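# Architecture and fold: a report
So you can see what is in the structure, the chains are spelled out below.
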Amino acid sequence: MKNELIAGIAALGGSSLGSITIATVPIATTATVPAAGVAGWLGLTTTATTIVAAPVTLSVAGIVAAGALLTYGGYQAYKLVNKNQ
């Protein structure tokens, strides 16, 4: 029974139930752009760095699967503790 339960939870973790954004972090991106003025007209380039917001997302199915595995582990620990008393 427990192997089927763990296999089912693992399959759920791999499914696509969508994702949720848990945070937005700033990251720096660098790009090569033409230089300003006459230098750009002559074909010289420079680098431009911009700060953009990048979302941190987690899979809903992964969150559910992790919660299920933690709950199952807690249940097994509870059974073990009560068995030894």
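Before reading on, note that the structure itself is shown above.
Below is a short write-up of the structure. Here the residue numbering is sequential within each chain, running from 1 through the sequence in written order. Under the rules for a predicted model, residues below a pLDDT of 70 receive no local features and side-chain atom pairs below 80 are neither given nor counted, while totals for whole chains, interfaces and linings still include all residues. Processing note: side-chain calculations cover all non-hydrogen atoms of the structure and skip hydrogens and water entirely.

### Topic: the overall build of the chain
Counting its regular elements, the chain contains three helices and two strands. To qualify as a helix, a DSSP run of H or I must reach at least 4 residues; to qualify as a strand, a run of E must reach at least 2; elements of each kind are numbered from the N terminus. Along the chain direction, N to C, the helices and strands of the chain fall in the order α-β-α-β-α. For the chain, buried positions account for 7% of its 85 residues. Contacts were defined at the residue level, with two residues in contact if any of their heavy atoms lie within 4.5 Å. In the chain, of all internal contacts separated by at least 6 residues, the share reaching a separation of at least 24 is 65%. Carbon and sulfur atoms provide 67% of the accessible area of the chain, an area that totals close to 6,400 Å². The classification of residues rests on relative accessible area computed with a 1.4 Å probe and restricted to protein chains. Under 20% of the type maximum is buried, over 50% is exposed, and intermediate values are partly exposed. Using a 1.4 Å probe, the Shrake-Rupley method yields the accessible areas, and only the shown protein chains count as cover for residues.

### Quick notes on helix 3 (residues 60–83)
For helix 3, built from 24 residues, the straight-helix expectation of 34 Å at 1.5 Å per residue is met to within 8% by its first-to-last C-alpha distance of 35 Å. Within the sequence span of helix 3, burial applies to Ala-61, Ala-65 and Tyr-72. Helix span, as expected, comes to 1.5 Å for every residue beyond the first.

### Remarks on the environment of Ser-19
Along the chain, Ser-19 turns up in strand 1 (residues 19–34). Look past the residues within four positions of Ser-19 in its chain and what remains in contact with it is Thr-57, Leu-58, Ser-59 and Val-60.

### Looking at the pairing of strand 1
Summarising burial for strand 1: zero of the 16 residues are buried, a small minority. By this definition, two strands are paired if DSSP reports at least two bridges between them. Bridge count between strand 1 and strand 2 (residues 45–59): 15 bridges; the pairing is antiparallel. Across the sheet, Ala-23 pairs through a bridge with Val-56, a residue of strand 2.

### Things to note about a nonpolar patch on the surface
Each patch is built from salt-bridge-free residues with over 30% relative accessible area, joining like charges within 9 Å and nonpolar side chains (Val, Leu, Ile, Met, Phe, Trp, Tyr) within 5 Å. In what follows, salt bridge is the name for a side-chain nitrogen of Lys or Arg lying within 4 Å of a carboxyl oxygen of Asp or Glu. On the surface, Ile-20, Ile-22, Val-25, Ile-27, Val-52, Val-56, Leu-58 and Ile-63 cluster together into a nonpolar patch covering about 580 Å² of accessible area. Contributions of two or more residues to the nonpolar patch are made by strand 1 and strand 2. It is strand 1 that provides the largest number of residues to the nonpolar patch, a total of four residues. Structurally, Ile-20 can be placed in strand 1.

### What to know about the environment of Val-25
Along the chain, the position of Val-25 falls in strand 1. Along the backbone, Val-25 and Val-56 are 31 residues apart, and their C-alpha atoms lie at a distance of 7.2 Å. In this structure, Val-25 is in contact with Val-52, Ala-53, Ala-54 and Val-56, ignoring residues within four places of it in sequence.

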